[in-house]
Structures are given as C-alpha cells and as structure tokens.
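Below are the chains, spelled out letter by letter.
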Amino acid sequence: MIQDLNLLRVFDVLLEERNVTRTGARLGLTQSAVSHALNRLRYMLNDDLFVRGSTGMQPTPRAVEMGPQVHAALNQLQAALAPSDFDPATSQRRFSVVTGAYASAVLAPALASRLAEAAPQAELTIAELALDVLERMDARRIDFMVGSVLAAPDRFARETILTEQLVWVVRAGHPKFQGVEVDLQRLVSVPHVVMARGMPGLLEDGGERRAFVSRASWEDAGALEAALASRGLTRQVGVSVPDTYTALAITSRTDMATLIPRRLALLSAQGGRVRLIDPPYESPSVDISLVYLRERLAEPAIAWMHEQIRAVASGL
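Parameters and conventions
- Residues numbered from 1 in each chain as written.
- Predicted model: local features only at pLDDT ≥ 70, side-chain atom pairs only at ≥ 80, totals over all residues.
- Heavy atoms only, no water.
- Pairing = 2+ DSSP bridges.
- Helix = DSSP H or I, 4+ residues; strand = E, 2+ residues; numbered from the N terminus.
- Axes fitted to C-alpha atoms, helices over the stretch in contact; angles between N-to-C directions.
- Salt bridge = Lys/Arg side-chain N within 4 Å of Asp/Glu carboxyl O.
- Buried < 20%, exposed > 50% of the residue type's maximum accessible area, 1.4 Å probe, protein only.
- Core = buried A, V, L, I, M, F, W, Y, C linked by side-chain atoms within 4.5 Å.
- Contact = heavy atoms within 4.5 Å.
- Arc of directions from axis to C-beta.
- Polar contact = N/O pair within 3.5 Å; in protein donor to acceptor, adjacent residues only side chain to side chain.
- Parallel < 35°, antiparallel > 145°, perpendicular 65-115°, else oblique.
- Nonpolar A, V, L, I, M, F, W, Y, C, P; charged D, E, K, R; others polar.

**Describing the sheet that holds strand 7 (residues 156–164)**
Point 1. With mixed pairing, five strands are arranged side by side in an open sheet as 4-3-5-15-7. This sheet does not close on itself; its edge strands, each paired only once, are strand 4 (123–128) and strand 7. Ignoring which end each strand starts from, the neighbouring axes of this sheet average 25° apart.
Point 2. As paired elements, strand 7 and strand 15 (residues 286–293) share eight bridges and run antiparallel to each other. Considered in strand 15, the bridge of R158 is made with V291.

Given below as structure tokens:
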C-alpha cells in the first residue's frame, strides 16, 4: 500500500508532462528527487511505470490504466481539504478548456481578458480536441469542452451557449462577386475550400459506453448539396483543409470561396481581406455547446468558471 501521497503526485504530473525536468519544476523538486520517487513507486507496484523513449518518458500499460483513477483521487482529496469557498482574486488555479479553432478565435480572447481582470493569478489552458478527451475530462485534467456537440454521455451536462450562422466568404475585390447579387449558380462558379470531415463521434472504452457525438465539420448538414441537386448543379472542391484558419487564409489569397461561422468571418472582415455572402439557400444554424461533468458544478471554482464562460458567450 502506498502511504506517501507525494509519490502519487509525482506519478500524476509525470504522466502529464512525460519529462522528469518539467515534472520537477512543477512540483518544486530536483530531477534526482523525481527519479527517487519514481523508483520507490516502481518497487512498490512491481512495474516500470515509465520507460525512456524518443519523445520522453513513455508510460507502461499499467501506468496508463491507473493514471485516470490516481488523478481523480488526488483531485477529490484536494477538493475535500480545500476551503469550501473560492476567491478568484487570489486563486492560482489552472482552468483547462478543450476547444477547436472556432472557439479559440471567437471565445478564448474575451474569456482570457475576463479572467485577467477577475482572477489575475489564475491560469487558463486552451487545449485541442483529441481522442482521449473523455478520459481526460473523467480524470479532471480537462474542466470544460466547447464545440458543436450533438450528444454526450449522461454524466456530462451539455448547454447551448452560442447559436452560430454559417456564411460564405470570398476575398475582397473578387471579380466574380463585384456589384452583383450572388445566386447559387454564381456561388458554385468558383472552386470551394472545404473543411475535411473530422471525428463525428469520439469513442471511449471501445464503445462500451456512450460517446460524444459532434459535427464532423462546418459544412451545413447537406443543405448546399440538396440545393444544388434541386437545380441540377454541382460544385468543385478546390482544397480540403483541417480547420477554419487554413480555409480563411487560402480564401483571402485566392479566387476560391469557403463556408465558415459568421462570427469568425466578421473577425477577418474587419481587416478588409474578405467579403461575406449570405447563403443563397436555406442554411441551418449551428449550436455551440459547453460540456462538463455534471457533478463538478458542486466545486466552487468550476461553478465560477462555468458562469464566466456563459457570461462571455452571452456577450458575443
């Protein structure tokens, strides 16, 4: 039985950092102290736990298996010993939010500004969406997820915080869209930049439990294709890209067009680089959701951050 909780703290941080030096820096320990703690754990658990690899300290299957449970247990213990209230003005807590390119551009700047004023010593971490997001949220390594999530496991709350419209974008001064009304035929007279379809669902535990179900891309749920089919038209896909940033960069420098969220398009239009065009067909809106473990709203810090995110979104 492990009686020294500091050993588990070293294990927990090393599992996240995969680097002895960074782990020591975060915990205020020397490299030798981290190595000593790891060796004690290896002896107690009869497992290497971490082995050196080309990209750092790689966890063994045993370490990967026990990691989320250790992290959750340490968090629960910390919450039990912490004061029952939360003072944002003095808190040094790290808040973590998983999101994609859209919310990083639209939501994150205002949220960072709000936290800098209300919680100047707190840290905000914006992380990219990854396949292990469910595991990381269960382990409380991630506090919130923001995205176009259509369904989530029952243990997660899912709130709509923004409703977004989609809009077509072309470069400013595009010769085919100067001084004319843009109809469907003109819209498909130029190649399109499209977002590559991502992960519509994120499986967990081999699919034994329900998974997040999210939009695969910023395409408009087949509305464009249906409109084209009704008119006997087709479009040409010029480039497929992984995200909205790349789509905007290409569109602003070529004669192609792309479909992106209106708020993001307006940010680019402020620089005079692009022109916005409303879809010349019925285009559905997109709900942006805030997702988190339901039970975590009982934590004062999480409840406070939840309100900050909602307040920022309501002002957009």
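**Digging into the pattern of salt bridges**
Oppositely charged side chains may form a pair once their charged atoms are brought near each other.
Point 1. Per the counting criterion, the structure on display carries 16 salt bridges.
Point 2. A salt bridge links R141 to E16; its shortest N-O distance comes to 3.4 Å. Of this pair, R141 sits in the loop between helix 7 (133–138) and strand 5 (144–147) while E16 sits in helix 1 (residues 5–17), and the two are 125 residues apart along the sequence.
Point 3. Linking D255 and R171 is a salt bridge whose minimum nitrogen-to-oxygen distance equals 2.7 Å. You can see D255 sitting in the loop between helix 10 (244–251) and strand 13 (257–261) and its partner R171 sitting in strand 8 (residues 166–171), a full 84 residues away along the chain.
Point 4. For R171, a relative accessible area of 24% corresponds to the partly exposed category.
Point 5. Residues participating in the shared-partner salt-bridge network are R93, R140, D143, E295, R296 and E299.

**Description of the nonpolar core**
Point 1. Among the nonpolar cores identified, the biggest contains 56 residues, and Y281 and I309 are the most heavily contacted of them.
Point 2. For this core, the element with the highest residue contribution is helix 12 (residues 300–314), accounting for seven residues.
Point 3. When near neighbours in sequence (up to four residues on either side) are disregarded, I309 contacts V97, L107, L111, F144, I161 and L290.

**A word on helix 2 (residues 20–27)**
Point 1. Every buried residue belonging to helix 2 is among V20, T23, G24 and L27, and all of these are buried. Looking down the long axis of helix 2, one finds its buried residues gathered within 100° of arc, a one-sided arrangement.
Point 2. Contacts from the buried residues of helix 2 go to helix 1, helix 3 (31–45) and strand 2 (56–59).
Point 3. A side-chain oxygen of the first residue of helix 2 lies 2.9 Å from the backbone nitrogen of T21; this N-cap is N19.
Point 4. Taken from the residues just after helix 2, G28 is the one with a positive phi, measuring 75°.

**Topic: the packing of helix 1 against helix 3**
Between two packed helices, what matters for the description is the angle formed by their axes and the separation of those axes.
Point 1. Running from N to C, helix 1 and helix 3 cross one another at 105°; their axes reach a closest spacing of 9 Å. Here helix 1 lies roughly perpendicular to helix 3, going by the angle between them. Every residue of helix 3 that contacts helix 1 at L7, L8, V10, F11 and L14 is listed here: V34, A37, L38, R40, L41 and M44.
Point 2. Residues that form the contact of helix 1 with helix 3 fall into these classes: ten nonpolar, no polar and one charged.

In short, the description is geometric, and any link to function would need to be established separately.
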